[in-house]
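Working through the structure, step by step
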Amino acid sequence: MPEGHTLHRLARLHQQRFGRAPVVVSSPQGRFSDAAAAVSGRVLRKADAWGKHLFHHYDGGAVVHVHLGLYGTFTEQPLPMTAPVGQVRMRMLGSDFGTDLRGPTVCELIDEGGVDDVVARLGADPLRRDADPGVAWARISKSRRSIGSMLMDQTVIAGVGNVYRSELLFRHRIDPHRPGAALTESEFADLWTDLVALMKVGVRRGKIVVVRPEDDHGAPSYAADRPRTYVYRRAGEACRVCCATIRTEVMEGRNLFWCPDCQV
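Computed from a predicted structure; not experimentally measured.

Across its full length, the protein holds seven helices and ten strands. Relative to its length of 264 residues, the protein is compact, with a C-alpha radius of gyration of 20 Å against a globular reference of 18 Å. Oriented by its inertia axes, the alpha-carbon framework of the protein measures out at about 55 × 40 × 30 Å. Taking all 264 residues of the protein together, the buried fraction comes to 51%. Across the protein, the fraction of contacts at a sequence separation of at least 24, relative to all contacts at a separation of at least 6, is 59%. Accessible surface, the protein as shown: approximately 12,100 Å² in total, 51% of it carbon and sulfur.

Along the chain, the position of His 57 falls in strand β3 (residues 53-58). Of note is the side chain of His 57, whose polar atom sits 3.1 Å from the side chain of Asp 48. Separated by 2.8 Å, the side chains of His 57 and Glu 112 make a polar contact.

It is worth spelling out the UniProt feature "domain: FPG-type" (unreviewed entry) in the protein at this point. Here, UniProt's "domain: FPG-type" (unreviewed entry) annotation points to residues 230-264. Taken end to end, residues 230-264 comprises 0% helix and 29% strand; its first and last C-alpha atoms sit 16 Å apart.

Rules behind the numbers
- Residues numbered from 1 in each chain as written.
- Predicted model: local features only at pLDDT ≥ 70, side-chain atom pairs only at ≥ 80, totals over all residues.
- Heavy atoms only, no water.
- Helix = DSSP H or I, 4+ residues; strand = E, 2+ residues; numbered from the N terminus.
- Rg over C-alpha atoms; globule rule 2.2 N^0.38 Å.
- Buried < 20%, exposed > 50% of the residue type's maximum accessible area, 1.4 Å probe, protein only.
- Contact = heavy atoms within 4.5 Å.
- Areas by Shrake-Rupley, 256 points an atom, 1.4 Å probe, with all protein chains shown as cover.
- Polar contact = N/O pair within 3.5 Å; in protein donor to acceptor, adjacent residues only side chain to side chain.
- UniProt positions renumbered as here; feature names shortened; annotations may be inferred.

Put into structure tokens, the structure is as follows:
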């Protein structure tokens, strides 16, 4: 599932390519036809993101809300675009570029009040300037849930996914099973500061870069087009720092990875 930096990156791209101008919107698949017709030809005022949610704000108060889920993707093309291929839920055409959306969990038309309702269910987003980490700390510091679980809870911190969860906790040598209430305020502050910095790198580079230069050697990445990770998708391999065997288990429905020696 795309993590928060991907949605912020998409918001910036869509703002650059489609913002402040009329956009032609259609639904080649047909499942979004009525909503597409309601905004087609309107000016896209703003594209922004909160956590893993993308919002296209149109003149007149209509908002297209997208959550990519596990399989959703946007594909971009310069105009003229080729004929739609596959199940294209939404196609947007601007003056120079177009984009196709396939396979989202959510693609719906709401109003600004609906945006407020979505955001009210979400925690602080590290990539937003108005983020308040104090709200997240208040919840974490009072909970007996594991910090590994709470980092994946979008109502606590919005935008963190499985990669950032595993890698952030490794970088700070924190056992993912430790209860939130067992963290110190200083530890949380360091986690938050590092998370903000890492996610900003993700927005800028379009990839999750987490390994420090001094550790960026040894075994290759888990995929040819991805930077190295410390623990993510490295179960059974040697830790890049201490050589202990990386472990894995399912936590919050996703595979968690950690080093039993470094993270105590």
